[in-house]
Structure formats: structure tokens, C-alpha cells
Amino acid sequence: MKKITLLLFIVPFFVFSQDDLLDELNDDSEVDNRVTSVFKSLKVVNFESTKLANKKDFYLIISHRFGSVKNGIDDFFGLDQAVTQFKFIYGINDWLNLGVARSSNQKKYGLHAKYRLKYQETGGFPVTIVGYNLITANTALKDDVYPNINFEDRLSYTTQILISRKFNDNLSLLLAPSYVHENLATRSYVEENGTTNVYDEENNQFAIGVGGRYKISKRVSINIDYGIHLNRNSNSVYNNPLSIGADIETGGHVFQVHFTNAQAMFEEGFISQAQGDWSDGDFFFGFNLIRVF
């Protein structure tokens, strides 16, 4: 386990500034032959986009996911059940970001690195490629439920290759092959014939994220992303994550609002444990407030 942790940290490891945010958001220009402004936010909705924080930019992201809207007015369409995440991201240089976050969902802490491997180029390389690595620790696991639990059992690792293409000033698309390793695998409890049966996922899970952004006005875009889990247990109670939202650019902030069937905000959480079902009206309202210093 120590070798796996060391390996992932060896791999190279939203809210814009008040003064120059609008200039950046409006800048669809190309630097040399590099295509920029593929996405305007660090995330599409749940999945990371290929945008990075600029060198020496320090980001504060406050994210909320409320409870399911399915219960209606009983819990004020989920607003009584807020889950919050605070995330801090720093641009080490123009190609490398490091971040730390804490989520009230399962009291998880996370460390991540995001690094650009290749720009899309006009008349040249067709896509932007970015790498992303995340390690999380679930501190909510209880000894009485998991006797003799060790610290490494609380850890999960995510590795993604983010591939995007800007087709024109309005449309950008993303493909995100994803690998998740959970030391303590996601567990489903299923009622069958009056008894509760337990089904565990594989420790190694694979998924493909797809997403996109379409600008509908100078300051607003519609965003969507979806995760296709490739080896989920057939008895799992969880679903593929589907999220729909909007980026709203206002002065020194970007404000993201969305609906999603995944309340978890860390990658291994929404990829493996999206508990909502859109067909039953079981989904969550949320927003991200992004600020840079």
C-alpha cells in the first residue's frame, strides 16, 4: 500500500482575479498556434476540464450539493441536507496545479495534482491533453463497522487523462478515461427475499467521462457531463453520474449551478457512488462559487 501511495505522488503532480477575470473570459485568442479558452472553468460539472489555474493564481472554490429534490417540501427540496466542500488550488507554474480539499460528505480530505501535457494547436495537434491525480482519505469510516481498520484502508486513488477539443467559439467537448482504486471497495446493501445481501465492487474500477460546454451568450454556457462505469457490479445500488448545469460569469466570479444524481464531489465518490436516479426524480441541486486571489 505504501508503494502505491508513493507511486501516485511521484506522478507529476474554480473565481478568477477581480482585475483581469473578464479579460481572460473574453479572450478566445491563440497564443502562437495554441488554442486557448477551451473551457472557462476548472470543472465541466463534476468532471475536471482541461483548464488549469495560471501561474501563482490561488483559487478558493466553495461547493454545495443539497439533498435530493425527490422529497419535495418536506426538506425544502433538499436544502435541509447540504453537503459542502472547500477546495484550494495553486498554480505552481503554467502547466502544473496542486490542490487540497475537504468535503463534509464522508468527512473526506483530498490532495490532487493537475498538469498539462499538450495544447490543442491550430493546424496542428487536434486536442488538449491534461493529466489528473487525486488521493482521498475517508475519515468517517467507523471502527465498529469495520473492525481493525487501518489508515490505508481509508484511502482511494484516482487517475484521469483529460482530452478536450474546442470546435469553435461556442462548443468544446471532453473525454476523460478514468481509473479508480479503492483500498476499501464500495459496498452495496441489497434487500433480497427478506434478507440483506452485501455486494462489493472491485478495488480497481474503470470509467469513461464524457462532457461538453456550449456557450449560449457572452456570459453563460450550458455544461453537461456523464460517467460511464465500465466494470460496476451488476448488483450495485449505484448509477452512472449524469450532471447538467450552467456557468455564469459575473465580474470577479464564476458561478456554476447544476443538477446531478451524485452528491459526492470527489472523483472516486461520484464515479463509484452516484446514488440518485434521474428517472425517479431523485437528483440534487448544487452550485460552485469560484474565486481567485
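Structure shown above.
Every chain is numbered independently, its residues counted from 1 as its sequence is written. Note on the predicted model: pLDDT of at least 70 is required for a residue's local features to be given, and 80 or more for side-chain atom pairs to be given and counted; whole-chain, interface and lining totals, by contrast, use all residues. Side-chain metrics rest on all non-hydrogen atoms present in the structure, leaving aside hydrogens and water.

Asks: So, the overall build of the protein chain: which residues are in play, and what are the values?
Replies: Secondary structure elements follow DSSP: runs of H or I no shorter than four residues count as helices, runs of E no shorter than two count as strands, and numbering proceeds from the N terminus. Per the secondary structure count, the protein chain includes three helices and 16 strands. Accessible area is worked out with a 1.4 Å probe on protein chains only. A residue is then buried under 20% of its type maximum, exposed over 50%, and partly exposed in between. Relative to its full complement of 293 residues, the protein chain shows a buried share of 50%. The accessible surface values rely on the Shrake-Rupley method and a 1.4 Å probe; as for residues, cover is taken only from the protein chains in view. By element, 58% of the accessible surface of the protein chain is carried by carbon and sulfur atoms, the whole surface being about 13500 Å².

Asks: Could you give an account of the layout of surface pockets, with specific residues and numbers?
Replies: Grid points spaced at 1 Å over the protein atoms alone were grouped into cavities, where a 1.4 Å probe fits but cannot get out, and pockets, open sets with protein on both sides within 12 Å along at least five of seven lines, with lining residues defined by an atom within 4 Å of a point. Grid points are joined across faces, edges and corners, and a volume is the space filled by probe spheres set on the points. Taken as a whole, the second largest pocket encloses approximately 340 Å³ of empty space. Residue lining of the second largest pocket: 19 residues in total, with Gln106, Asn138, Leu141, Tyr146 and Gln273 positioned closest to the centre. Of all elements in the fold, only strand S8 (155-166) and strand S10 (187-192) reach the threshold of two or more residues within the lining of the second largest pocket. Amino acids outside the nonpolar list (Ala, Val, Leu, Ile, Met, Phe, Trp, Tyr, Cys, Pro) and the charged list (Asp, Glu, Lys, Arg) are all regarded as polar, and Gly is one of them. Class assignment of the residues belonging to the lining of the second largest pocket gives a composition of eight nonpolar, five polar and six charged.

Asks: Give me the lowdown on the packing of aromatic side chains, citing residues and values where you can.
Replies: Only rings of Phe, Tyr and Trp enter the pairing, Trp through its six-membered ring, and a pair is recorded when the two centres are within 6.5 Å. The plane angle decides the type: under 30 degrees is stacked, over 60 is edge-to-face, the rest tilted. Across all of its chains, the model carries nine aromatic pairs by this definition. Between the aromatic rings of Phe58 and Phe88, the centroid separation amounts to 6.0 Å while the plane-to-plane angle is 20°, which identifies the pairing as stacked. In this pair, Phe58 is assigned in strand S3 (residues 58-68) and Phe88 in strand S4 (residues 83-91), connecting sequence segments 30 residues apart. Each ring, one from Phe66 and one from Phe285, has its centre 5.9 Å from the other, and the planes form 5°; the classification is stacked. Residue Phe66 is found in strand S3, and its partner Phe285 is found in strand S16 (residues 284-292); the two are separated by 219 residues along the sequence.

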